[in-house]
Each structure stands twice: as structure tokens, then as C-alpha cells.
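# Summary of structural features
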Amino acid sequence: MAKKYPVQVKVNGKMKSAEVEPRLLLVHLLRDEFDLTGTHIGCDTSQCGACTVMLDGMAVKSCTILAIQADGAEITTVEGLGSREELHPIQQGFWEKHGLQCGFCTPGVMMAVNGLLQENINPSEAEIREALDGVICRCTGYQFIVKAVQHAAELIREQQSQPVSLENVTTRGDVS
Amino acid sequence: MIPTSFDYVRAASVPEAIQLLKNFNGEGKLIAGGHSLVPLMKFRITTPGTLIDISQIQELKGVSKEGGRLVIGALTTYAEALGDPLVAAHLPVLAEAIQKIADLQVRNKGTIGGNIAHADPAADLPALALALDAVVHITGEDGEERVPIQDFLFGPFMTALPETSIVTAVSFAIPPTEGKSTYLKYFHPASGYAVVGVAAVARKTADGVINHIRVGITGAGDCAFRAENVEKYLLGKTATLENISKAAQLAADEVDMGEDLFASSDYRRHLCEVYTERALRKVLL
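Residues numbered from 1 in each chain as written. Chains lettered and ligands numbered in written order. Predicted model: local features only at pLDDT ≥ 70, side-chain atom pairs only at ≥ 80, totals over all residues.

### What about the UniProt feature "domain: FAD-binding PCMH-type" (unreviewed entry) in chain B?
Using the residue numbers shown here, the UniProt feature "domain: FAD-binding PCMH-type" (unreviewed entry) corresponds to residues 1-177 of chain B. Each end of residues 1-177 of chain B is marked by a C-alpha atom, and these two atoms are 48 Å apart; helix forms 32% of the span and strand 26%. (UniProt positions renumbered as here; feature names shortened; annotations may be inferred. Helix = DSSP H or I, 4+ residues; strand = E, 2+ residues; numbered from the N terminus.)

What follows is the structure in C-alpha cells.
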């Protein structure tokens, strides 16, 4: 049995730890150790992007990262994007514009889109297609995905332009 | 796919990494962003006994300007170099090439030093490094060494890097402001690697005579190479369509072309000529 090492990461806001073999891939840590099976394994060769998660704020392919190299990192998986009750604008966009067919690649696509929209909330169609270069969808032909991303960007822009309601301001002055 | 078992150790500094390489006596393999190495380990093409993780060594990150050169720390990721103001100001051709490397997610992890040290014959940066007279900064047991890129790359996944040394930076000559540079690439449709990639850097005198020309080609053969016959043909001549076309025919005339299911050696030779001609037109006309 190979030697195991402790790994501690913050996943979707919660500290989690595990003892891992150095060869364990980040995607397996998330799926098998932490039961976060929203992150999918598609090609397993760093091409399809179904395993995309945010690692310290950047979209990365978790099938190509050793879990041990992510020690100390902050990770957001699709489960941390929004909730069933309160969808993230990206999820809302994919829902309303049907940016999927079978849905297998969708978690990774949404995380790659998250990487784009956190840098640029007003992307052109060309920029959206460029950002989708690292994900492969075999159903949609990408047309509906592009529309979903445009819609998500619109929702985010609307959200950001809305004045903060006083109801959301705590007594300390923070916005909840 | 899961790699074979290996042991893992993290280096906090360059001297520690060198000491660890020594301790493991050739069995230790450096890992940075891991985006070239981990896929090979998953396919079990390579099975290192121990990985020495250098990805946390902060001193190997960042871009600086030293005289007429831009020095890129080995651990600088593609995404960091792409967003760097010094790269934008002095080496826009590096940004142009990086945008053609893989995809958003890979560019967030892959490193400049890793790319050069890995020496994949279809990687993009070696072509540009050759065209920009790059120098590889190496630190080993006996101190620092600077090796020109032509002497560093010598075969598929083979470099002049000694077993107990580490690439700390890659420096690129800032091209003359009055000149032009470009990197053009024929993408493999599945992998996104270069079937053929051509980097060209050139400068003309006021009366149109070519007084500086570098052409680097990747993807075509066993190892990225400088198309020296193209350079020799053009140097001192005027930049005309006819001269460019004749020079481009020499792009691959002394190099063995690779061959695989996707592209025959004849096709690769043809692509070398076509992409060299396009790159030369872009930088000379």
C-alpha cells in the first residue's frame, strides 16, 4: 500500500480533509471521498472539460490535477454554484435557454462559463465560443449553450445593476 | 485512468528541489502545473518513482524586464503571462502564441517553464522561443547556467537539462519595435496541438531590405527547429512576394518530417511551406 498524505481543502465553503495517495486525482477526491458527484469524468484525457471546477478562483480540469497538489486550495464545484431553491444566474441561463441535451457535460460547461463570466460579464459571441474551447458537448452543437451564456451574462448584469435593498443590509452594514 | 503508484515530496525552494533531485538519484521527476506530465502518467507512458512538487516556489513566478529581454519565471502560468502588462507592452507575440495553446482551463495551470522543459515536439512555445533567441535559465549543483534554446532542445521530450538541475526562467529577446512578429499554427483538430506551428520575427531597413529574420517551426519533426535556410535566403534581400515564396520552399528542406495517422510527412512538409509563407507575408509585407 502506497504511503498516504493528508490533504485539506475548502470545498464550496466547507473545510474538508482526507488521507490520499499521491496518485489520487482531484476529480476522484471530489467524487469518491467527498461525494460531490456533480463533477463528471468524461474523456479523462484533459480534453472534454466535464470535470471542470474552480480552483482558487480559476476554472481547471480536475482530472489533470493531483489531489495532493490542491492541498490548501479553495474549490468550487457545480454543487457550490447555486442551490435548487436559488439557482445561480448561469444555472438559470442554462435552464431557461435549454443549454443542454443529455446534460452530462453541463456541470463542467457551467464551471468553464463561470471562469469566463467572473472576468467578463459582457462577452461577445466570439469570446463565449473561445471560452468554451476547453469543453466538449456532443449533443447541442453549442448554439443553445451560447444563448444560455448570453442570457446568464444578462442576468448577472441585471443583478449587479440593481440597487441594494435595505432589507438585505445587516446591522453591521454588510450586505447579506 | 489512474497513474501507477509514486511517492511525493514538496520543495519549498530551488536549492531544496536540487537537493531532492540529488537524493532521488535520477528517480525523482519535477512537477509544476502538471498539464503535460499528469496525462503521460495517466497513460502510464511515464512512471516516475517520486514526484518533486515545485509548484509552490514563489520566486519562480513572475515576469521582469532585463535590458532587451523579458524574463519569464518558470512557474508563470500561460494565463498569468497572457495577463501580464510587460508581456502586453514588449512581447505581444507571446500573448498571440499563448492564446493558441490548448484552452482556458489548461492555460490556468500550465507553466511556461514546464512547456520548455517538457520539450513536446508538438508544443507551441519552442517555435516562438527559437524565433525570439530565447535563453533557458538553469540552476543546478554548480550554480546558474544560461543555455540558448537551440542548445537546450535536442529531441522529442529530450533537453540538455542535467538530471539534478531545474529550469528557473526562460528569457526572450524583445523584438525590435520597428519589426514585426507572429505565430501561426495549423491545429490538430482533436488535441489542439500544433500539426505545424511557425513563428517569425523580422525587421526591414527603411528601404525595405531585410536585416533581421528568425523563423522557428514546431510540430513538423522530432524537435522544434529554426528554418535557417529560409533566414539565410532572405537576409539582405528586399521583402518581395517572390522572395518570400522562394524562401518558404526551403522551410523544411533539411529536416526529417514526422508522420502519423493524421498527417503524412509530405503533408507536414507542405504545411511547413504554406505556414512559413503566410507568417513571412505577415511580418515582411
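### Looking at the domain arrangement of chain A
By a widespread convention, an interface's size corresponds to the accessible area lost as its parts come together. Residue and element names in this part refer to chain A. Examined at the domain level, chain A breaks down into domain 1 (5-80) and domain 2 (89-161). Inter-centroid distance (C-alpha atoms) of domain 1 to domain 2 is 21 Å. Taken together, the contacts link 15 residues of domain 1 with 12 residues of domain 2. Going through the elements one at a time, β3 (52-55) and β4 (58-61) are the ones with two or more residues in the side of domain 1 that touches domain 2. (Domains from an automatic or database assignment. Contact = placed C-beta atoms within 7 Å.)

### Digging into unusual backbone geometry
All names here are of chain B. Positive phi, close to 55°, is recorded for Asn-25, a residue that is not glycine. Looking at where Asn-25 falls in the secondary structure, it is placed in the loop between α1 (14-23) and β2 (28-31). One non-glycine residue, Ala-119, adopts positive backbone phi at about 55°. By the secondary structure assignment, Ala-119 is in the loop between α7 (112-118) and α8 (125-131).

### A word on the domain arrangement of chain B
The assigned domain composition of chain B is domain 1 (7-53), domain 2 (62-173) and domain 3 (180-284). Computed from C-alpha atoms alone, the centre-to-centre distance between domain 1 of chain B and domain 3 of chain B is 35 Å.

### With respect to the pairing of strand β13 (residues 210-218) of chain B
All names here are of chain B. With seven of nine residues buried, β13 is to be regarded as a mostly interior element. Pairing geometry for strand β12 (residues 194-204) and β13, over eight bridges, is antiparallel. In the sheet register, Ala-199 faces β13, and the bridge partner there is Gly-216. Hairpin connection, β12 to β13: the antiparallel pair is bridged by five residues, and Gly-208 has positive phi, about 85°. Judged from the two bridges that link them, β13 and strand β14 (residues 225-226) form a sheet pairing that is antiparallel. From the neighbouring strand, Ile-217 faces β14, where its bridge partner is Phe-225. The antiparallel pairing of β13 with β14 creates a hairpin that spans six residues between the two strands, and Gly-219 there sits at a positive phi of about 85°. (Buried ≥ 20, exposed ≤ 12 C-beta atoms within 10 Å, placed from the backbone. Pairing = 2+ DSSP bridges.)

### Thoughts on the environment of Ser-265 of chain B
Its location among the elements puts Ser-265 of chain B in helix α12 (residues 265-284). Separated by 139 residues in sequence, Ser-265 of chain B and Pro-126 of chain B place their C-alpha atoms 20 Å apart.

### As for the interface of chain B and chain A
Chain B puts 20 residues into the contact, and the matching count from chain A is 25 residues. Going through the elements one at a time, β1 (7-10), α2 (37-42), β3 (50-53) and α6 (104-107) of chain B are the ones with two or more residues in the side of chain B that touches chain A. With three residues, the single largest contributor to the side of chain B that touches chain A is α6 of chain B. Taken together, the residues that form the side of chain B that touches chain A break down as 10 nonpolar, six polar and four charged. (Nonpolar A, V, L, I, M, F, W, Y, C, P; charged D, E, K, R; others polar.)

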